[in-house]
Amino acid sequence: GNSVTQMEGPVTLSEEAFLTINCTYTATGYPSLFWYVQYPGEGLQLLLKATKADDKGSNKGFEATYRKETTSFHLEKGSVQVSDSAVYFCALFGRKYIFGTGTRLKVLA
Amino acid sequence: DAGVTQSPTHLIKTRGQQVTLRCSPKSGHDTVSWYQQALGQGPQFIFQYYEEEERQRGNFPDRFSGHQFPNYSSELNVNALLLGDSALYLCASSLINPEGGYGYTFGSGTRLTVV
């Protein structure tokens, strides 16, 4: 079946550091891929998406590229801020969402 | 434009009891999906409702049931609560055929604690 694997956290960075959160997937067909963010005490917010191979999703300085050959969708940001501290979920969508286990990011001032 | 509204926000129940969680979808959406997010885990799909019928179901026991009303709002019912049912329950609304998963709106969830 479909599945998503993402790196375990927590990831702790200093402000303005470079961020990478790895995500790989297993799927039949060609699912859409997503990154969602969850701030403390809140639900899920869509961060970015990509619907086909080689698509790059981007939003608020975050980027991820749909790599079919490596079945990956790694999340990157060039310079993180304290306000980026949250839990990040990689997900794929076939007929429903399949989420990874989440990666907690802590950014220190 | 109101998003997805879930109630209550927090709930404490005793093992063996029954619970009902409620969800009002975003205006214009006709489909509601429910997810269970255990502590430290990603959300897991429970089921999806459209036209007042269950259209898809994840790997959850029959203790989990739902309903959708003519105004598209939905309820999630859990019977015979277990400690392991403690989780954040998320409702997501959409149109029945969203483009590749885009167009889902998630609510802030109901935090259920079973003691």
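Please read these numbers as outputs of a predicted model, since none were measured by experiment.

Reading guide: rules and limits
- Residues numbered from 1 in each chain as written.
- Chains lettered and ligands numbered in written order.
- Predicted model: local features only at pLDDT ≥ 70, side-chain atom pairs only at ≥ 80, totals over all residues.
- Heavy atoms only, no water.
- Contact = heavy atoms within 4.5 Å.
- Buried area = accessible area lost by both parts, 1.4 Å probe.
- Salt bridge = Lys/Arg side-chain N within 4 Å of Asp/Glu carboxyl O.
- Polar contact = N/O pair within 3.5 Å; in protein donor to acceptor, adjacent residues only side chain to side chain.
- Helix = DSSP H or I, 4+ residues; strand = E, 2+ residues; numbered from the N terminus.
- Pairing = 2+ DSSP bridges.
- Axes fitted to C-alpha atoms, helices over the stretch in contact; angles between N-to-C directions.

Moving on to the interface of chain A and chain B. Each partner contributes to the interface: chain A provides 17 residues, whereas chain B provides 18 residues. Between chain A and chain B, a total of about 1500 Å² is buried, with carbon and sulfur atoms accounting for 58% of that surface. At the surface where chain A touches chain B, the tally comes to 0 salt bridges. Counting across the chain A and chain B interface gives 3 residue pairs in polar contact (both at pLDDT 80 or more). Put simply, the parts of the chain that give the side of chain A that touches chain B at least two residues each are β5 (32-38), β6 (45-50), β10 (86-93) and β11 (97-99) of chain A. Sort the elements by how many residues they give to the side of chain A that touches chain B and β5 of chain A lands first, with 4 residues.

To continue, consider the sheet that holds strand β8 (residues 62-65) of chain A. Residues and elements named next belong to chain A. Strand order in the open sheet formed by 4 strands is β3-β9-β8-β7, and the pairing between neighbours is antiparallel. The strands lining the two open edges of the sheet, one partner per strand, are β3 (19-21) and β7 (56-59). Taken pair by pair, the neighbouring strands of this sheet meet at an average axis angle of 15°, ignoring direction. Direction of pairing for β8 relative to strand β9 (residues 75-77): antiparallel, over a ladder of 2 bridges. Within β9, the position partnered with glutamate 63 by the bridge is glutamate 76.

Limitation: the analysis is restricted to geometry and does not speak to function.
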